[in-house]
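# Notes for the structure review
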Amino acid sequence: DVKVTQSSRYLVKRTGEKVFLECVQDMDHENMFWYRQDPGLGLRLIYFSYDVKMKEKGDIPEGYSVSREKKERFSLILESASTNQTSMYLCASSLRGGFYGYTFGSGTRLTVV
Amino acid sequence: EDKVVQSPLSLVVHEGDTVTLNCSYEVTNFRSLLWYKQEKKAPTFLFMLTSSGIEKKSGRLSSILDKKELFSILNITATQTGDSAIYLCAVVEGGSEKLVFGKGTKLTVNP
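Quick caveat, the model's predicted, so the values are computed rather than measured.

Rules used in this analysis
Residues numbered from 1 in each chain as written. Chains lettered and ligands numbered in written order. Predicted model: local features only at pLDDT ≥ 70, side-chain atom pairs only at ≥ 80, totals over all residues. Heavy atoms only, no water. Buried < 20%, exposed > 50% of the residue type's maximum accessible area, 1.4 Å probe, protein only. Helix = DSSP H or I, 4+ residues; strand = E, 2+ residues; numbered from the N terminus. Contact = heavy atoms within 4.5 Å. Buried area = accessible area lost by both parts, 1.4 Å probe. Salt bridge = Lys/Arg side-chain N within 4 Å of Asp/Glu carboxyl O. Polar contact = N/O pair within 3.5 Å; in protein donor to acceptor, adjacent residues only side chain to side chain. Pairing = 2+ DSSP bridges. Disulfide = S-S within 2.5 Å. Core = buried A, V, L, I, M, F, W, Y, C linked by side-chain atoms within 4.5 Å. Axes fitted to C-alpha atoms, helices over the stretch in contact; angles between N-to-C directions.

Look at the link from B:Ser7 to B:Pro8: it is a cis peptide, with omega at -10 degrees. The phi dihedral of A:Asp28 is positive, around 60 degrees, even though this residue is not glycine. The class for A:Asp28 is exposed, based on a relative accessible area of 51%. Although it is not a glycine, A:Lys53 sits at a positive phi angle of roughly 65 degrees. Along the chain, the position of A:Lys53 falls in the loop between strand 5 (42-49) and strand 6 (56-57).

Between chain B and chain A, the residue contacts involve 19 residues of the former and 25 residues of the latter. Together, B:Glu97, B:Lys98 and B:Phe101 form the three largest contributors to the area buried by chain B at its contact with chain A, with a combined 32%. Linking chain B with chain A are zero salt bridges. Summed over the shared surface of chain B and chain A, the result is four residue pairs in polar contact (both at pLDDT 80 or more).

All names here are of chain B. Where burial is concerned, the two faces of strand 1 (residues 4-7) differ: the one with Val4 and Gln6 is buried and the one with Val5 and Ser7 is not. Here four bridges tie strand 1 to strand 3 (residues 19-25), and the two strands are oriented antiparallel to one another. Following the sheet pairing, glutamine 6 is matched in strand 3 by cysteine 23.

The full count for this structure, using the stated rule, is two disulfides over all chains. Each sulfur of the disulfide joining A:Cys23 and A:Cys91 lies 1.9 Å from the other. Note on the A:Cys23 and A:Cys91 pair: the S-S dihedral is about -75 degrees, so by sign convention the disulfide is left-handed. Placement of A:Cys23 in strand 3 (residues 19-25) and of A:Cys91 in strand 9 (residues 87-94) is noted, with a sequence separation of 68 residues between them. Exposure class is identical for A:Cys23 and A:Cys91. Each is buried. A disulfide bridge connects B:Cys23 with B:Cys89, and the sulfur atoms are separated by 1.9 Å. An S-S torsion of about -65 degrees defines the bridge between B:Cys23 and B:Cys89 as left-handed. Taken together, the residues span a long stretch of sequence, with B:Cys23 in strand 3 and B:Cys89 in strand 9 (residues 85-93) at a distance of 66 residues.

Attention now goes to the environment of B:Ile76. With respect to the secondary-structure elements, B:Ile76 resides in strand 8 (residues 71-76). Along the backbone, B:Ile76 and B:Lys37 are 39 residues apart, and their C-alpha atoms lie at a distance of 12 Å.

Here we come to the nonpolar core. Of all hydrophobic cores here, the largest spans 24 residues; its most connected members are B:Tyr25, B:Leu33, B:Trp35 and B:Tyr87. Put simply, the parts of the chain that give this core at least two residues each are strand 3, strand 4 (30-38), strand 5 (44-49), strand 7 (61-66), strand 8, strand 9 and strand 11 (105-110) of chain B. Not counting residues up to four positions away in its chain, the partners in contact with B:Leu33 are B:Cys23, B:Tyr25, B:Phe47, B:Met48, B:Leu49, B:Leu65, B:Ser72, B:Cys89, B:Ala90 and B:Val91. Counting 21 residues, the second-largest nonpolar core is a separate cluster that includes A:Cys23, A:Phe74, A:Leu76 and A:Ala81.

On to the sheet that holds strand 8 (residues 73-78) of chain A. Residue and element names in this part refer to chain A. The strand order across the open sheet formed by four strands is 1-3-8-7, and the pairing between neighbours is antiparallel. In this open sheet, the two strands that pair with only one neighbour each are strand 1 (4-6) and strand 7 (64-70). Here the strands of the sheet are splayed against their neighbours by 20 degrees on average, with no regard to which way each runs. Looking at chain direction, strand 7 and strand 8 are connected through five bridges and run antiparallel. Following the sheet pairing, lysine 70 is matched in strand 8 by arginine 73.

Okay, here's the thing in C-alpha cells:
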C-alpha cells in the first residue's frame, strides 16, 4: 500500500527548542510539500521541493527550514519553536506536474508550550 | 486574493439531509479540480474533475465541474454521521507543481 509517512502523530515541544518533522514517501514522487493547517485559515504552504536538494519557499516560510537529501524524505525544521507554531503539520507528495493531486501523510499535531 | 473559494465554510445538518458544497476558482491555465475529505487526520482523495458537465459519482457522493462558470459542487445525499469532516477543494494550474486549496467546508452531521 503506497503511502506518505510522518514520523510522529503528536508532539509537544518547549519554546526555543529545535524541532524536526520527518516525512517519507514510497511512491517515487518528485514533489514533496509541507503545509500547516489551522482552523479558519485552511492549508498554508510552508515549503516544497521538486527534486533532491531543491527547495522553494511557500506562503509562510518564516521560522522554518527544510531538507531534502534523498528523494523519498523531506524534513521540516523549526529552528527555534514558538507558541504560534502550534498547529497541524501535513506532508504531501505528488508526481511531476501535480495533475493527479497529492497523497497526504497522516499529519503531526505539534504543540509548543 | 483567494483563488479558490469554498462555501459555506461551515454547515450543520441532520442525518438523512442532502447537502451541496460549493467551490469557485479563478486560476490561469486550469488543468484539474480535486475534492478531498479530511476527518481526524490525512485528507483522502474523493474526485478529480477535468471536463465540464461530466458527473463523477461514488455511492452517495457526486461532483460536477462547470469550466465556463468556474465552479464545482460536491453533493452528498442521505448524509450519515460518518460524513462529518472537512471537505477540501483544490485546483491544479498548468505550469505549477502546487495545488491551490480553498479553506475547506466543515460539515457536521448530527444524528
